[in-house]
Amino acid sequence: MLAIGSIADHAGRRRVYLAALGVFALASLVCGLAPSGGVLVAARVLQGAGGAGMMATTLALISATYHGRRRGIAFGVWGGVNGAAAALAPVLGGLITEHLHWRAIFLVNLPISLAAVWLTLRAVKESRLPGGGRPDWAGMLAFTLAAGALTYGLIEAGQYGWAAARSLVPLAVAVVAFAAFVVIETRGSHPMLDLRLFADRSFSGVMAGAALLNPAAFACLAFTSIWLQQDLGLGPVMAGVALSPMAATSLVVSLAAARLPRLTPRLAVGGGLLLIGAGALLQGRLDQHSDWTALAPGLVAVGMGVGLAVPALSSAAMAYAPKPRAGMAAGSVNTVRQLGYALGIAALGLLYRGDAATLNEVYLASAIIGLLGGLLVLAAVSRGGVRAGA
């Protein structure tokens, strides 16, 4: 996402989005027809690359297509759909898997992708920056190595301990690769991430909020789903239904927040993270007699926080960055969100042991992440400036 967001600024955002959508659709077809596990995994890698291109370009396209109040509403819809999709996916996936076939969860992407291509060609105009650019292959390699090694190291540490060589080696590789990435981006003539953006305190605050939002709000859902199905014996569909309060609340709040003229990124992101932290605390009161309804109040609070914060993160990252760096800013905010999600699952997995007691520890850690993230954003992001959806 980080690389494609920068490339799309020069190659054309609509062109890159359509190409990524095509890759995603093709990979989905291969996943659905995969004759073996190896082919399925390889196609999933390709699907992830297509998804990265789509995520990195949608925000910049929205920013170029809509203006004024309509842009705020568009960002609200984008954020609401984004948050709702993460929570609704277990319900839809469970329904398709139980009543059709697991292959259908991939094949269903094909008609949706075709509709998206038709709508994009019909309604979205091309936008790009003048001049040319070339891919930052060295930076791309260094960042990917750092992110992958760090995630893998955390997973291995949870299984073998922090002192094990198979934990220490990837963590050391991550440190070296990240240092190399900083050097490459500082000295390169065409960096995929202009580190000077972080000189703006508000931009840095928004990026910190983006990095902490997904581990606080979404990473715990992986372990919640396991608890619902293994401990409570719920099927995939009912487990998804149990998580649906978060999706519904997120969608409603994001649409409502887009119409609030006085809602600033500082209040939306900071307040949203505080709500997410409070919701995690509400969920972390489970005992051996708890059922799935015990999660509902906390899920509603988390959904409110997600509905406030996600649209504001996306729009504010581009608003606090120079206009020529809109695609780069969009790619950056989505990259740190997804990286935060991956690292969050790896880190919280160190706590969860398959029971309600350790699930409460996961919620407590999520709450700390959300509350500290909210306070950090409130302290860093300027009080005035752009509206949350501007």
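Scroll up for the structure.
A few points about the overall build of the protein
Moving on, step 1. If you tally the helices and strands in the protein, you get 15 helices and 0 strands.
Moving on, step 2. The contacts in the protein between residues at least 6 apart in sequence include a share of 82% that link residues at least 24 apart.
Moving on, step 3. Summed over its atoms, the accessible surface of the protein is roughly 17400 Å², and 70% of this surface lies on carbon and sulfur atoms.
Moving on, step 4. For the protein, the distance from the average site of its 26 positive side-chain charges to the average site of its 13 negative ones is 16 Å.

Focus: the packing of helix α10 (residues 219–231) against helix α11 (residues 236–257)
Moving on, step 1. Contact geometry for α10 and α11: axes closest at 9 Å, N-to-C directions at 135°. Relative to α11, the element α10 is oriented oblique. Crossing of α10 over α11 shows right-handed handedness. Two secondary-structure elements touch here, α10 through L221, T224, L228 and Q229 and α11 through P236, A239, A242, L243 and M246.

Re the layout of surface pockets
One way to see where empty space is left: roll a probe the size of a water molecule over the atoms.
Moving on, step 1. In this model, the second largest pocket occupies a volume close to 410 Å³.
Moving on, step 2. If you go around the second largest pocket, you meet 20 residues; those closest to its centre are F143, F178, F181, V336 and L339.
Moving on, step 3. Listed by contribution, the elements that provide at least two residues to the lining of the second largest pocket are α7 (137–160), α8 (165–187), α9 (201–217) and α14 (326–348).
Moving on, step 4. No other element matches α14, which puts 6 residues into the lining of the second largest pocket.

Quick notes on the side chain of T249
Moving on, step 1. Its location among the elements puts T249 in helix α11.
Moving on, step 2. When its relative accessible area of 16% is taken as the criterion, T249 is described as buried.
Moving on, step 3. The contact partners of T249, leaving out residues within four places of it in the chain, are V300, G303 and M304.

Parameters at a glance
- Residues numbered from 1 in each chain as written.
- Predicted model: local features only at pLDDT ≥ 70, side-chain atom pairs only at ≥ 80, totals over all residues.
- Heavy atoms only, no water.
- Helix = DSSP H or I, 4+ residues; strand = E, 2+ residues; numbered from the N terminus.
- Contact = heavy atoms within 4.5 Å.
- Areas by Shrake-Rupley, 256 points an atom, 1.4 Å probe, with all protein chains shown as cover.
- Lys, Arg positive; Asp, Glu negative; His and termini not counted.
- Charge placed at Lys NZ, Arg CZ, Asp CG, Glu CD.
- Axes fitted to C-alpha atoms, helices over the stretch in contact; angles between N-to-C directions.
- Parallel < 35°, antiparallel > 145°, perpendicular 65-115°, else oblique.
- Left-handed = near helix turned anticlockwise from the far one by under 90°.
- 1 Å grid on protein atoms, 1.4 Å probe; cavity = no way out; pocket = protein on both sides within 12 Å on 5 of 7 lines; lining within 4 Å.
- Points joined across faces, edges and corners; volume = space filled by probe spheres on them.
- Buried < 20%, exposed > 50% of the residue type's maximum accessible area, 1.4 Å probe, protein only.

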